[in-house]
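Residue-level structure breakdown
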Amino acid sequence: MKKKRLLMRTTILSIIGVALAYTFYANFFDDTEVVNAGEEAVNFALTDLDGNRVELADLRGKGVFLNFWGTYCPPCEEEMPYMESQYQAYKDQGVEIIAVNVDEPELSVQRFVDRHNLTFPIVIDRGSNVLDAYGIRPLPTTILIDEHGTVVRKHIGGMTERDVQSFMEEIKPES
């Protein structure tokens, strides 16, 4: 009887240990970057909060500031006013922001947008397909795409207003 319990406990602990080791590896060591600087951006089409279709390919000729975020993410909330401010400054210079929410309820996202008076396109990635296509892990993450559809940079983490402005300059199309 004691041998059976010992065998059962050992088996269960081994399974838990393997699961923890895999989770640790997958989250910290597995290179999940799918899109890197210098590569073509993965096209996608999502619907914004107003019901309009937003497709990345339709924005060729513009610099695209592609931001992945969540309402529950403090750095995301902190950078949104900076993004709005710089969007107002750069939208007429050929730079577009697309803020991709990571599969949250539309009501939560709309309340967040209303609270921060955001005017740039906000889309919700149902099923996290775009998130997976870009290999996004932590939030916030921003992908900078030039007017040719090429990824210029991937920035992980929050941004200051100076960062946002610098990134907008980096992807602003040449006149």
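Further up the page is the structure itself.
What you see is a predicted model, and the numbers here were worked out from it, not measured in a lab.

The next subject is the overall build of the chain. Broken down by element type, the chain carries five helices and seven strands. The order of helices and strands in the chain, counted from the N terminus, is α-β-β-β-α-β-α-β-α-β-β-α. Here the C-alpha radius of gyration of the chain, 20 Å, is well above what a compact globule of 175 residues would show, namely 16 Å. Taking the principal axes of its C-alpha atoms as reference, the chain extends roughly 80 × 35 × 30 Å. Restricting to contacts in the chain with at least 6 residues of sequence separation, those with at least 24 account for 69%. For the chain, the accessible surface area stands at approximately 10100 Å², while carbon and sulfur atoms represent 53% of it.

This part is about a nonpolar patch on the surface. A contiguous nonpolar surface patch, about 520 Å² in accessible area, is contributed by Met8, Ile12, Leu13, Ile16 and Leu20. Mapped onto the fold, leucine 13 is located in helix H1 (residues 2-28). Take leucine 13: its relative accessible area is 60%, and that puts it in the exposed class.

On to the packing of aromatic side chains, then. Using the criterion set out here, one finds four aromatic pairs in the structure. Taking the centre distance of 5.9 Å and the plane angle of 50 degrees together, the rings of phenylalanine 68 and tyrosine 134 count as tilted. With a gap of 66 residues between them, phenylalanine 68 in strand E3 (residues 63-69) and tyrosine 134 in helix H4 (residues 129-134) connect regions that are remote in the sequence. Tyrosine 134 matches phenylalanine 68 in its accessibility class, with the two residues each being buried. Note on tryptophan 69 and phenylalanine 112: the rings are 4.7 Å apart at their centroids and 35 degrees apart in plane angle, and the pair reads as tilted. One end of the pair, tryptophan 69, is in strand E3; the other, phenylalanine 112, is in helix H3 (residues 106-116), with 43 residues separating them in the sequence. Per residue, the accessibility class of tryptophan 69 equals that of phenylalanine 112, and both read buried. Each member of the aromatic cluster is reached from another via a ring pair, and the members are Phe44, Phe68 and Tyr134.

This part takes up the sheet that holds E3. Read across the open sheet, the five strands follow the order E5-E4-E3-E6-E7; overall the sheet is mixed. Looking along the sheet, the strands with just one partner apiece sit at the ends: strand E5 (122-124) and strand E7 (151-156). Averaged over all pairs of adjacent strands, the angle between their axes in this sheet comes to 20 degrees, without regard to strand direction. Two strands pair when backbone bridges link them, and strand E4 (residues 95-101) and E5 are joined in this way by three bridges, in the parallel orientation. Residue pairing in the sheet places asparagine 101 in a bridge with isoleucine 124 of E5. Packing against the sheet, H3 makes contact with E3, E4 and E5, and its axis sits at approximately 165 degrees to E5.

Once that is clear, we can look at the pattern of salt bridges. Following the criterion strictly, the structure yields seven salt bridges and no others. Put simply, glutamate 55 and arginine 53 hold a salt bridge, and the shortest N to O gap is 2.7 Å. The buried category is assigned to glutamate 55, whose relative accessible area is 17%. The partner of lysine 172 in a salt bridge is glutamate 169, and the shortest N-O contact between them spans 3.6 Å. Among the residues examined, glutamate 169 registers a relative accessible area of 41% and is labelled partly exposed.

On to the side chain of glutamate 147, then. With respect to the element layout, glutamate 147 can be found in the loop between strand E6 (141-145) and E7. Although glutamate 147 is buried, it forms no salt bridge, and the closest oppositely charged side chain is arginine 60 at an N-O distance of 9.8 Å.

Evaluation of the coordinates by the stated rule reveals one disulfide. At a sulfur-sulfur separation of 2.3 Å, the disulfide partner of cysteine 73 is cysteine 76. Taking the sign of the torsion about the S-S bond as the criterion, the disulfide between cysteine 73 and cysteine 76, at about 75 degrees, is right-handed. Owing to a relative accessible area of 5%, cysteine 73 belongs among the buried residues under this scheme. Take cysteine 76: its relative accessible area is 0%, and that puts it in the buried class.

The rules behind each value
Residues numbered from 1 in each chain as written. Predicted model: local features only at pLDDT ≥ 70, side-chain atom pairs only at ≥ 80, totals over all residues. Heavy atoms only, no water. Helix = DSSP H or I, 4+ residues; strand = E, 2+ residues; numbered from the N terminus. Rg over C-alpha atoms; globule rule 2.2 N^0.38 Å. Contact = heavy atoms within 4.5 Å. Areas by Shrake-Rupley, 256 points an atom, 1.4 Å probe, with all protein chains shown as cover. Patch = residues over 30% accessible without salt bridge, like charges linked within 9 Å, V, L, I, M, F, W, Y side chains within 5 Å. Salt bridge = Lys/Arg side-chain N within 4 Å of Asp/Glu carboxyl O. Buried < 20%, exposed > 50% of the residue type's maximum accessible area, 1.4 Å probe, protein only. Phe/Tyr/Trp six-rings, centres within 6.5 Å; stacked < 30°, edge-to-face > 60°. Pairing = 2+ DSSP bridges. Axes fitted to C-alpha atoms, helices over the stretch in contact; angles between N-to-C directions. Lys, Arg positive; Asp, Glu negative; His and termini not counted. Disulfide = S-S within 2.5 Å.

From the geometry alone we can't say anything about function, so treat these as descriptive.
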